[in-house]
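Spelled out, the chains give:
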Amino acid sequence: MDKIAIFYGSSTGNTKTAANAIAKQLNGYDVYIGDIANAEPSHVSGFNLLIFGVSTWGYGDIQDDWEIFLPNLEKMDLTGKTIALFGLGDAEAYPDTFVDAMGDLYETVVKNGARVVGQVPVDGYNFSESRAVIDGRFAGLPLDEDNESDMSSTRIENWVSDLKSCFN
Ligand SMILES: Cc1cc2nc3c(=O)[nH]c(=O)nc-3n(C[C@H](O)[C@H](O)[C@H](O)COP(=O)(O)O)c2cc1C
């Protein structure tokens, strides 16, 4: 059975909840879920299929635990790894920095050789600007628990169903 690790950073629990919901959809895989706050770099680099979840704070800032872990990620050779990203944000209160932190993780992992899968069309999201939009698409799955929590489960189901074909 293929192993997938989901590492998340979450300040008020929304990204953690999303990580668990994503894991539930990944039936057929051996899924490990870890809080990036407690993760050892060697543990993260031990997986070839990875999903990183991050929320955005301040004004476009990466979540605190990811900020601490980022220097480790910047040193990792991610060649041969397939990585998908999801990001929690608030498009209504922060339309100009919507899920920016997902863009920061994207930039780092691509720079270090990872193949990123699971990009998402911007249609259906109401925002003005985001560093997570790369070539017209979100680098991963945006989730807005503050305004569109009713849409999260469908968004997760559709995204994971697409991911499964990329992880094969
Ligand atoms: C003070 C504050 C600043 C925030 N800044 C942003 C932001 O710049 N961009 C964004 O998309 N969301 C922003 N958010 C929304 C959070 O990312 C959102 O509530 C998220 O679900 C939190 O996830 P977590 O509980 O997993 O950390 C902010 C929320 C607060 C309270």
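Keep in mind it's a predicted model, so treat the numbers as computed, not measured.

Peer 1: What am I meant to see in the UniProt feature "domain: Flavodoxin-like" (unreviewed entry) in the protein here?
Peer 2: In this structure's numbering, the residues bearing the UniProt feature "domain: Flavodoxin-like" (unreviewed entry) are residues 4–164. Annotated as residues 4–164, this span is 35% helix and 26% strand, and its ends, taken at the C-alpha atoms, are 11 Å apart.

Peer 1: Is there a simple way to think about the site of the ligand in this case?
Peer 2: Taken together, 23 residues lie near the ligand, and Ser 10, Thr 12, Thr 15, Ser 55 and Gly 89 sit nearest. Of all elements in the fold, only α1 (14–25) and β3 (49–57) reach the threshold of two or more residues within the shell around the ligand. Among the elements that make up the shell around the ligand, the one with the highest residue count is β3 (3 residues). Here the residues of the shell around the ligand are counted per class, giving 6 nonpolar, 13 polar and 4 charged.

Peer 1: Just to check I follow, could you spell out helix α5 (residues 149–166) for this structure?
Peer 2: Since the α-helix advances by 3.6 residues per turn, residues separated by three or four positions end up pointing in the same direction. For α5, with 18 residues, the first-to-last C-alpha span of 26 Å sits near the 26 Å given by 1.5 Å per residue. Contact partners of the buried residues in α5: α1, β5 (82–88), β6 (115–117), β7 (120–121) and β10 (141–143).

Peer 1: When you look at the environment of Thr 82 in this model, what are you seeing that I'm missing?
Peer 2: One can find Thr 82 in strand β5. Using a count of 19 C-beta atoms within 10 Å as the deciding quantity, one classes Thr 82 as partly exposed. Expressed as a C-alpha distance, the spacing of Thr 82 and Leu 49, which sit 33 residues apart in the sequence, is 5.1 Å. Excluding residues that lie within four positions of it along the chain, Thr 82 makes contacts with Asn 48, Leu 49, Arg 115, Val 117, Cys 166 and Phe 167.

Peer 1: Help me out: how do you make sense of the sheet that holds strand β8 (residues 133–134) in this one?
Peer 2: As a general point, the strands of a sheet are linked pairwise by backbone hydrogen bonds and lie either parallel or antiparallel. Spatial ordering of the open sheet is given by β7-β9-β8, a layout of 3 strands whose pairing is antiparallel. Of all strands in the sheet, those with a lone pairing partner are β7 and β8, marking the two edges.

Peer 1: Would you mind showing me how to read unusual backbone geometry here?
Peer 2: Glycine aside, a negative phi is what most residues show, and trans is what most peptide bonds show. In this structure, Val 99 takes a positive phi of about 45° despite not being glycine. Phi at Asp 135 takes a positive value of approximately 50°, unusual for a residue other than glycine. Inspection of the secondary structure assignment puts Asp 135 in the loop between β8 and β9 (137–138). When the 6 C-beta atoms within 10 Å are taken as the criterion, Asp 135 is described as exposed.

What counts and what doesn't
Residues numbered from 1 in each chain as written. Predicted model: local features only at pLDDT ≥ 70, side-chain atom pairs only at ≥ 80, totals over all residues. UniProt positions renumbered as here; feature names shortened; annotations may be inferred. Helix = DSSP H or I, 4+ residues; strand = E, 2+ residues; numbered from the N terminus. Near = placed C-beta within 6 Å. Nonpolar A, V, L, I, M, F, W, Y, C, P; charged D, E, K, R; others polar. Expected span 1.5 Å × (residues − 1). Contact = placed C-beta atoms within 7 Å. Buried ≥ 20, exposed ≤ 12 C-beta atoms within 10 Å, placed from the backbone. Pairing = 2+ DSSP bridges.

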